[in-house]
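Each chain, written out:
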Amino acid sequence: MRNDDDAELTWYEKKRGLTASKKKRINENKIRGQKLALKETRTSKENSGGEKKSGPHSSMPRRNATVRGAGSGHPRGMAVSSHGSLFDINSLPKECAEILDEFQSIVFSAYPLGSKQIAKLPHHIKELSHLLTDERGERRLGYMNRTETLSAYVHYFMWWNLVRLTRLFANIEEDFFSIPEDSICLDIGSGPLTVPIALFLSRPDLRRKKLTWYCMDISQQALSAGENIFLSVAAKLQCEPWKIIRIKGSLGIPVRQKAAFVTCANMFNEAIDEAGVPPDFLAKKHLEKILTYTEKNTRLLIIEPGVPKSARFLSLMRDAMLRKKFTPCSPCPHTGACPMSGERGKKWCNYAFSTEDAPETLRKLSEKSGLPKERAVLSFIAAKTAASPEKNSQGAKSGGSSGTLTFRIASDPIALPKQRTGYYACSEQGLLLVVTHENLFSGQCCSLTLPQRPLSTDQKSGALILELD
């Protein structure tokens, strides 16, 4: 029997075990807290003149900021406009960061473990790490159906993947995610719905839309666990969840509706090792399978581990997309040939950020499992059907000089003589070696007026040398 108080509760409040009286107390405390915060803010502004303190990541340039080389007084010094980074933590919605911090408790509520399972969790995490890396050849096809494996994945690997993906998704240009209301979306190799959950957390613009997600994986157990976690996240955010349709199967299985948005993460790293098949043929074959699921106007987002083989495969997938009239939106600042294709002797495209801001509980679990992690690394390609073949989402032209050179940093800092630093970067001019006294970041996108003088070539890498100072 339902009383009047119960009728005031939403579905997600009931899922969290909230009662009407508890809700009333929470709302009263919230109002008191807001009044106190407003009072403190006014006092702080009066004492500081209204200036906002900079956070630990204030050194990372914002979108459309101007960064000038340390030697800008030098005749060669030039103003560089920064269009943001792929991993700016300030782009993460506050509620996303909060849920990542307490994700362990969310997983325990949706996928509980007994005391013995908790005690053995670090050991199972270490075992699964070997299966995913150096012992990959010994891994069975349905490995995610084992209880120990799935527990280790959702309590650890999924958490790290959410840290990576939410940072990336929050910083990809908003235009890429401008899919219509009531769109059909497809996540291939979904596992425990890691990609849909990461998008739900990091993209409030998508969260507000009514979307239907077909989530495809060969493990029904992983899909079921993922849906429970997704509903728990939606309840925590106090918003309506997307419609989830689980599909047990692999790439190629029929899906009833065509998708406007297709995603897949960490799926093709296994297919890359298919014996005796050229990688360019594999990329073409898999893209053709993906396109059987899509509408005429669609978006594709493929993320893989930041290792050379995966980066090479994604570069070939990008080539295949271009032949199908897709426009690469990110990370590419241009639509020309990939200068970091991962071919023999060439640089490979990958991006990294420090894990110092990752949840402390997750970092401690990494150390306890013997898997300390200082950096998170990935490779990816985001593309959409080309409305205009001349430009991509960042306005970079595919054809020649427009008077502006746009590039994206794609390496760690390289120590150079005279206390200078070099960074490899991708551009429509090809591979660049950007030389500066300034700190740049992996994934940072910049532009400047195209230098009038010819650029010299680095003998070691063959990159064009772009001196900013």
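All of these numbers come straight from a predicted model, not from anything done at the bench.

The rules we used
- Numbering of residues starts from 1 in every chain and runs along the sequence as written.
- Where local features are concerned, this predicted model is filtered to residues with pLDDT of at least 70; where side-chain atom pairs are given and counted, the filter is 80 or more; whole-chain, interface and lining totals use all residues.
- The side-chain figures draw on all heavy atoms in the structure; neither hydrogens nor water molecules are used.
- Helix and strand assignments come from DSSP, with helices taken as H or I runs of at least 4 residues and strands as E runs of at least 2, each series counted from the N terminus.
- Summary of the burial criterion: residues with accessible area below 20% of their type's maximum are buried, those above 50% are exposed, and those between are partly exposed, where the area comes from a 1.4 Å probe applied to protein chains only.
- Contacts: residue pairs with any heavy atoms within 4.5 Å of one another.
- We get accessible surface area from the Shrake-Rupley algorithm with a probe of 1.4 Å; when it comes to residues, only the shown protein chains can shield them.
- Here a salt bridge means any side-chain nitrogen of Lys or Arg lying within 4 Å of a carboxyl oxygen belonging to Asp or Glu.
- Here a strand pair is declared whenever DSSP counts at least two bridges between the two strands.
- Think of it like this: strands point away, you trace from the first strand over the helix to the second, and a clockwise trace means the crossover is right-handed.
- Arc definition: directions from the helix axis to the C-beta atoms.
- Disulfides are defined as pairs of cysteine sulfur atoms found within 2.5 Å of each other.
- Note on aromatic pairs: the rings of Phe, Tyr and Trp (six-membered ring only in Trp) are paired at centre separations within 6.5 Å, and the planes decide the class, stacked below 30 degrees, edge-to-face beyond 60, tilted for the rest.
- Should the NZ of a Lys or the CZ of an Arg lie within 6 Å of a ring centre and within 35 degrees of the ring normal, that charge is described as sitting over the ring.
- To estimate the expected span of a helix, subtract one from its residue number and multiply by 1.5 Å.

A.B. asks: Quick one: what's the story with the overall build of the protein chain, residue by residue and with numbers?
C.D. replies: Check the secondary structure of the protein chain and you find 14 helices and 16 strands. Counting only residues that meet the buried cut, the protein chain has 50% of its 469 residues in that class. Sequence separation of at least 24 residues holds for 77% of the intrachain contacts in the protein chain that already meet a minimum separation of 6. Of the roughly 23400 Å² of accessible surface on the protein chain, 49% is carried by carbon and sulfur atoms.

A.B. asks: A description of the pattern of salt bridges should follow, citing residues and the corresponding values.
C.D. replies: For side chains of opposite charge, pairing can occur when their charged atoms come near one another. Scanning the model with the defined rule gives nine salt bridges in all. Note that Asp175 and Lys384 form a salt bridge whose closest N and O atoms lie 2.6 Å from each other. Of this pair, Asp175 sits in the loop between α7 (147-171) and β3 (184-188) while Lys384 sits in strand β10 (residues 375-385); the two residues are 209 residues apart in sequence, bridging distant segments of the chain. Look at Asp175 and you get partly exposed, because its relative accessible area is 37%. Ionic pairing is found between Arg375 and Asp412, a salt bridge with its closest N-O pair at 2.7 Å. Of this pair, Arg375 sits in strand β10 while Asp412 sits in the loop between β11 (404-409) and β12 (414-416), and the two are 37 residues apart along the sequence.

A.B. asks: Before we move on, can you summarise the pairing of strand β4 (residues 212-217) with the specific residues and values?
C.D. replies: Within a regular beta strand, the side chains point alternately toward one face of the sheet and then the other, so they alternate between its two faces. Within β4, six of the six residues are buried, which leaves the element mostly enclosed by the surrounding structure. One ladder, built from five bridges, connects β3 with β4; its direction is parallel. Each bridged residue has a counterpart across the sheet, and for Leu186 the counterpart in β4 is Tyr214. Relative to strand β5 (residues 243-248), β4 runs parallel, the two sharing six bridges. Bridging from a neighbouring strand, Trp213 pairs with Ile244 of β5. The parallel pair β4 and β5 is bridged by helix α10 (residues 220-237), and the resulting crossover is right-handed.

A.B. asks: Explain helix α5 (residues 103-110) to me, and be specific about the residues and the numbers.
C.D. replies: Looking only at α5, the buried set comprises Phe103, Ile106, Val107 and Ala110. Buried positions in α5, seen along its axis, are confined to an arc of 95° and lie on one side of it. Check the buried side of α5 and you find it contacts α4 (94-101), α7 and α10.

A.B. asks: An account of the state of the cysteines is needed here, citing residue identities and associated values.
C.D. replies: Any covalent bond linking the sulfur atoms of two cysteines counts as a disulfide. Applying the stated rule across the entire model yields zero disulfides. The thiol of Cys426 is unpaired, and the distance to the nearest cysteine sulfur, on Cys338, comes to 6.0 Å.

A.B. asks: Tell me about the environment of Thr457, and name the residues and values.
C.D. replies: Locating Thr457 in the fold gives a position in the loop between β15 (445-449) and β16 (464-467). Sequence separation between Thr457 and Leu433 is 24 residues; the distance between their C-alpha atoms is 8.7 Å. Among all residues touching Thr457, those that are not within four sequence positions of it are Gly462, Ala463, Leu464 and Ile465.

A.B. asks: Explain the packing of aromatic side chains to me, using residue names and the numbers behind them.
C.D. replies: For the structure shown, the criterion picks out 14 aromatic pairs. Here Phe200 and Phe230 contribute two aromatic rings whose centre-to-centre distance is 5.0 Å and whose plane-to-plane angle is 70°, an arrangement assigned as edge-to-face. Here the residue Phe200 occupies a position in helix α8 (residues 194-202), and Phe230 occupies one in helix α10, the gap between them amounting to 30 residues. Note on Phe230: relative accessible area 0%, which makes it buried. Note on Phe268 and Phe313: the rings are 5.3 Å apart at their centroids and 35° apart in plane angle, and the pair reads as tilted. Linking Phe268 in helix α11 (residues 268-271) with Phe313 in helix α13 (residues 308-323), this pair joins segments that are 45 residues apart in sequence. The buried category is assigned to Phe313, whose relative accessible area is 2%. Here the aromatic cluster, defined as three or more aromatic residues joined through ring pairs, consists of Phe176, Phe177, Phe200, Trp213, Phe230, Trp242 and Phe261. We note Arg207 situated over the ring of Phe200; from NZ or CZ to the ring centre the distance is 6.0 Å.

A.B. asks: With reference to specific residues and values, describe the side chain of Ser310.
C.D. replies: Checked against the element boundaries, Ser310 lands in helix α13. Residue Ser310 is classed as buried on the basis of its relative accessible area of 1%. Dropping the residues within four chain positions of it, Ser310 is found in contact with Asn269, Ile272, Glu304 and Pro305.

A.B. asks: Any chance you could break down helix α12 (residues 279-291) for me, citing the residues and the numbers?
C.D. replies: Helix length check: α12, at 13 residues, gives a terminal C-alpha distance of 18 Å against a target of 18 Å (1.5 Å per residue), a fit within 8%. For α12, the full list of buried residues reads Leu282, Ala283, His286, Leu287 and Ile290. All buried residues of α12 lie within an arc of 125° about the axis, which places them on one face of the element.

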